[in-house]
Amino acid sequence: MTTSRTPPVRQIRDLSGLLDHASHVLATRMAAAFTELGVTPRAYCVLFHALAAERTQIQLAELAGLDKTTMVVTVDELERAGLAERRPAEADRRARIVRVTEAGGRAVERGTAIADRVHREVLDTLPPDERTVFVRALTRLVGGGGALADPVGGERTVRRARRPRG
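Note that the coordinates shown come from a computational prediction; the quantities given were computed from them, not determined experimentally.

Caption draft 1: Examining the packing of aromatic side chains more closely. Taken as a whole, this structure holds 2 aromatic pairs when the rule is applied. Seen in terms of ring centroids, Phe-34 and Tyr-44 are 5.1 Å apart; in terms of plane orientation they differ by 40°. Their pairing is tilted. Residue Phe-34 is located in helix 1 (residues 15-34), and its partner Tyr-44 is located in helix 2 (residues 41-52); the two are separated by 10 residues in the primary sequence. A residue is classified by how much of its surface remains accessible, and Phe-34, at 0% relative accessible area, is buried. With 5.9 Å between their ring centres and 50° between their planes, Tyr-44 and Phe-48 make a pair best called tilted. Within this pair, Tyr-44 and its partner Phe-48 are both found in helix 2, separated by 4 residues, close to a single helical turn. The exposure class assigned to Phe-48 is partly exposed, which follows from its relative accessible area of 36%.

Caption draft 2: Region of the structure containing the pattern of salt bridges. The final tally for this structure, using the stated rule, is 9 salt bridges. The salt bridge involving Glu-54 is made with Arg-87; its shortest N-O contact spans 2.7 Å. With a gap of 33 residues between them, Glu-54 in the loop between helix 2 and helix 3 (57-64) and Arg-87 in strand 1 (residues 84-88) connect regions that are remote in the sequence. The exposed category is assigned to Glu-54, whose relative accessible area is 54%. Across the pair Glu-85 and Arg-99 runs a salt bridge, and its minimum N-O distance is 2.7 Å. Of this pair, Glu-85 sits in strand 1 while Arg-99 sits in strand 2 (residues 96-100), and the two are 14 residues apart along the sequence. Residue classification places Glu-85 among the partly exposed residues on the basis of a relative accessible area of 32%. With relative accessibility at 33%, the residue Arg-99 sits in the partly exposed group. Through salt bridges with shared partners, a single ionic network connects Glu-36, Arg-117 and Glu-121.

What counts, and at which threshold
- Residues numbered from 1 in each chain as written.
- Predicted model: local features only at pLDDT ≥ 70, side-chain atom pairs only at ≥ 80, totals over all residues.
- Heavy atoms only, no water.
- Phe/Tyr/Trp six-rings, centres within 6.5 Å; stacked < 30°, edge-to-face > 60°.
- Helix = DSSP H or I, 4+ residues; strand = E, 2+ residues; numbered from the N terminus.
- Buried < 20%, exposed > 50% of the residue type's maximum accessible area, 1.4 Å probe, protein only.
- Salt bridge = Lys/Arg side-chain N within 4 Å of Asp/Glu carboxyl O.

What follows is the structure, given as structure tokens:
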């Protein structure tokens, strides 16, 4: 027989729940906003990093936080849409460089405006003085040396949350 017990009272706000919820809702807002561009935020992220410098698929996957399979699918989608193309790397012909096409460059410009708009809309819900403090504190937490900068290893692997496709 199981008895009901009152759980202990939390002494500190549940940061995991708050950050997870905020991340999920922001991701859904971003996905909805990017439908006007016809690409996913993930595809935009790959294009953005590919436009910034000549990078291999593996380098782009690491920057975008994607596994190899998801990266291949994403670049396939970008190629079909005429936004990027693969070409052999000069240093290692087995590696593939992702080159952004002219149309892809325009998509990056529009996508950057979309991402900025969504972020601005979210931050605008805070009073101006709190926006600055919030962004500064979050940047400090996830920046080099911050408590949330690097994942911690352990016996059990913690995977990133799955994000809905599309």
